[in-house]
Amino acid sequence: MTNDPDHFFEQQDVALQMLIVENKGDELTDILVDALRDALALLQDEQEPTVH
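Numbering of residues begins from 1 in every chain and follows the order in which that chain's sequence is written. It should be noted that, the model being predicted, local features are given only for residues of pLDDT at least 70 and side-chain atom pairs only at 80 or more, the latter also being counted only at that level, while totals for whole chains, interfaces and linings use all residues. Each side-chain value is derived from all of the structure's non-hydrogen atoms; neither hydrogens nor water enter the calculation.

To continue, consider the overall build of the protein. Secondary structure summary: the protein contains 2 helices and 0 strands in total. Burial status follows relative accessibility: with a 1.4 Å probe on protein chains alone, a residue under 20% of its type maximum counts as buried, one over 50% as exposed, and anything between as partly exposed. Relative to its full complement of 52 residues, the protein shows a buried share of 4%. For the protein, the accessible area works out to roughly 5,100 Å², and carbon and sulfur atoms hold 58% of it. The way it works is that DSSP assigns letters per residue, a run of H or I at least four long becomes a helix, a run of E at least two long becomes a strand, and they are numbered from the N terminus. Only the protein chains shown count as covering a residue, and every accessible area follows the Shrake-Rupley method with a 1.4 Å probe.

Structure below.
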């Protein structure tokens, strides 16, 4: 495994293309929903005020 970000994103692109080619829309939808939930949780954490 490499730490090169470009290589990581290339691997993700290939995996995504394979899901599309294999017509696995449900699996792709699950991945996208999980990613959106994670993104919303991060945004929600940033919105919460902190007491210093």
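From this point on, the discussion continues.
Let's shift gears to a negative patch on the surface. Taken together, Asp4, Asp6, Glu10 and Asp13 make up a surface patch of like negative charges. Inspection of the secondary structure puts Asp6 in helix H1 (residues 5–21). Nonpolar side chains (Val, Leu, Ile, Met, Phe, Trp, Tyr) within 5 Å and like charges within 9 Å form the patches, drawn only from residues with over 30% relative accessible area and no salt bridge. Should a side-chain nitrogen of Lys or Arg be within 4 Å of a carboxyl oxygen of Asp or Glu, the pair is scored as a salt bridge. None of His or the chain ends enter the tally, which takes Lys and Arg as positive and Asp and Glu as negative. By convention, the charge on Lys lies at NZ, on Arg at CZ, on Asp at CG and on Glu at CD.

What describes two packed helices is the angle between their axes and the distance between those same axes. Closest axis-to-axis distance for the H1/helix H2 (residues 25–47) pair is 8 Å, and the angle between their directions is 140 degrees. In this view, H1 runs oblique relative to H2, as classed from their interaxial angle. Side by side, H1 and H2 meet where Leu16, Leu19 and Ile20 of the first sit next to Glu27, Leu28 and Ile31 of the second. Convention adopted: a line fitted to C-alpha atoms gives each axis, helices being fitted over their contacting stretch, and angles between N-to-C directions are expressed from 0 to 180 degrees. Convention used here: angles under 35 degrees read as roughly parallel, angles over 145 as roughly antiparallel, angles from 65 to 115 as roughly perpendicular, and any remaining angle as oblique. Any two residues whose heavy atoms approach within 4.5 Å are treated as being in contact.

Before going further, it helps to spend a moment on the pattern of salt bridges. Under the counting rule described, the total for this entry stands at 1 salt bridge. Salt-bridge contacts for Arg37 lead to Asp34; the nearest nitrogen and oxygen are separated by 3.8 Å. With Arg37 and Asp34 both in helix H2 and 3 residues apart, the pair spans about one turn of that helix. On the accessibility criterion, Asp34 (42% relative accessible area) is partly exposed.

Shape is all these values report; function is a separate question.
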